[in-house]
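# Structural overview
The residues making up each chain are set out below.
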Amino acid sequence: MKTKKLRLLVWVAGVVALAWILYAAGMLVAEKIYGGPHVVLAGESHSFSIGMTKKEVLKKYRDLNETVNLRTIETNRTGGSPVILERSELLLTRELELSDHWMAYRDKFPIWFQDFYFSDGKLTNITTYIRFYESP
């Protein structure tokens, strides 16, 4: 009787281990295939549309009802302004108005953050970074 229980226990442990390995492998494959940057030059991406004004992008970001985390980015990819952490601070300040590259962190899985590129005050490029690293 003990041998049957031991075999059953080993079998169940093997199935659980195999399921975990397949899940982890699936997440690694998903990261390789779908993770990373996704660039949109026409149309829309995750609630934002090419051609939106800076005010419209700010309003849409505010309306997402997610954690707010927005900054301007200099041409050398360094942050130009302090991080905006409060919805009430999402106003078109002079610094945001002058910047043509914004970075907005998102808390909607699997979106990690989005880069917004503007030209003449209009959104021309949305680069969305997808991540799966919360997985095992």
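Here is a short report on the structure shown in this document. (Residues numbered from 1 in each chain as written. Predicted model: local features only at pLDDT ≥ 70, side-chain atom pairs only at ≥ 80, totals over all residues. Heavy atoms only, no water.)

### Examining the pattern of salt bridges
- Inspection of every chain in the model, using the stated rule, returns three salt bridges.
- For Lys 59, the salt bridge goes to Asp 63, with nearest N and O atoms at 2.7 Å. Of this pair, Lys 59 and Asp 63 both sit in helix α2 (residues 54-63), four residues apart, which is roughly one turn of that helix.
- With a relative accessible area of 47%, Lys 59 lands in the partly exposed category.
- For Asp 63, a relative accessible area of 46% puts it in the partly exposed group.
- Arg 106 is the salt-bridge partner of Glu 66, the closest N and O atoms lying 2.9 Å from each other. With Glu 66 in the loop between α2 and β4 (70-72) and Arg 106 in the loop between β5 (101-105) and β6 (111-119), the pair connects residues that are 40 residues apart, well separated along the chain. (Salt bridge = Lys/Arg side-chain N within 4 Å of Asp/Glu carboxyl O. Helix = DSSP H or I, 4+ residues; strand = E, 2+ residues; numbered from the N terminus. Buried < 20%, exposed > 50% of the residue type's maximum accessible area, 1.4 Å probe, protein only.)

### Considerations on α2
- Those residues of α2 not exposed but buried are Lys 54, Val 57, Leu 58 and Tyr 61. The buried residues of α2 occupy an angular sector of 100° when the element is viewed end-on, so they sit on one face.
- Along its buried surface, α2 packs onto β3 (48-49), β4, α3 (94-98), β5, β6 and β7 (122-130).
- Immediately beyond the C-terminal end of α2, within one or two residues, lies Asn 65, with a positive phi of roughly 60°. (Arc of directions from axis to C-beta. Contact = heavy atoms within 4.5 Å.)

### Description of a nonpolar patch on the surface
- Taken together, the side chains of Leu 8, Trp 11, Val 12, Val 15 and Val 16 make up a nonpolar region of the molecular surface, amounting to roughly 500 Å² of accessible area.
- Take Val 15: it is sitting in helix α1 (residues 2-34).
- For Val 15, a relative accessible area of 40% translates into the label partly exposed. (Patch = residues over 30% accessible without salt bridge, like charges linked within 9 Å, V, L, I, M, F, W, Y side chains within 5 Å. Areas by Shrake-Rupley, 256 points an atom, 1.4 Å probe, with all protein chains shown as cover.)

### With respect to the packing of aromatic side chains
- Within this structure, the stated rule accounts for five aromatic pairs.
- An aromatic cluster is built from Tyr 105, Trp 112, Phe 113 and Tyr 129, whose rings are joined through pairwise contacts. (Phe/Tyr/Trp six-rings, centres within 6.5 Å; stacked < 30°, edge-to-face > 60°.)

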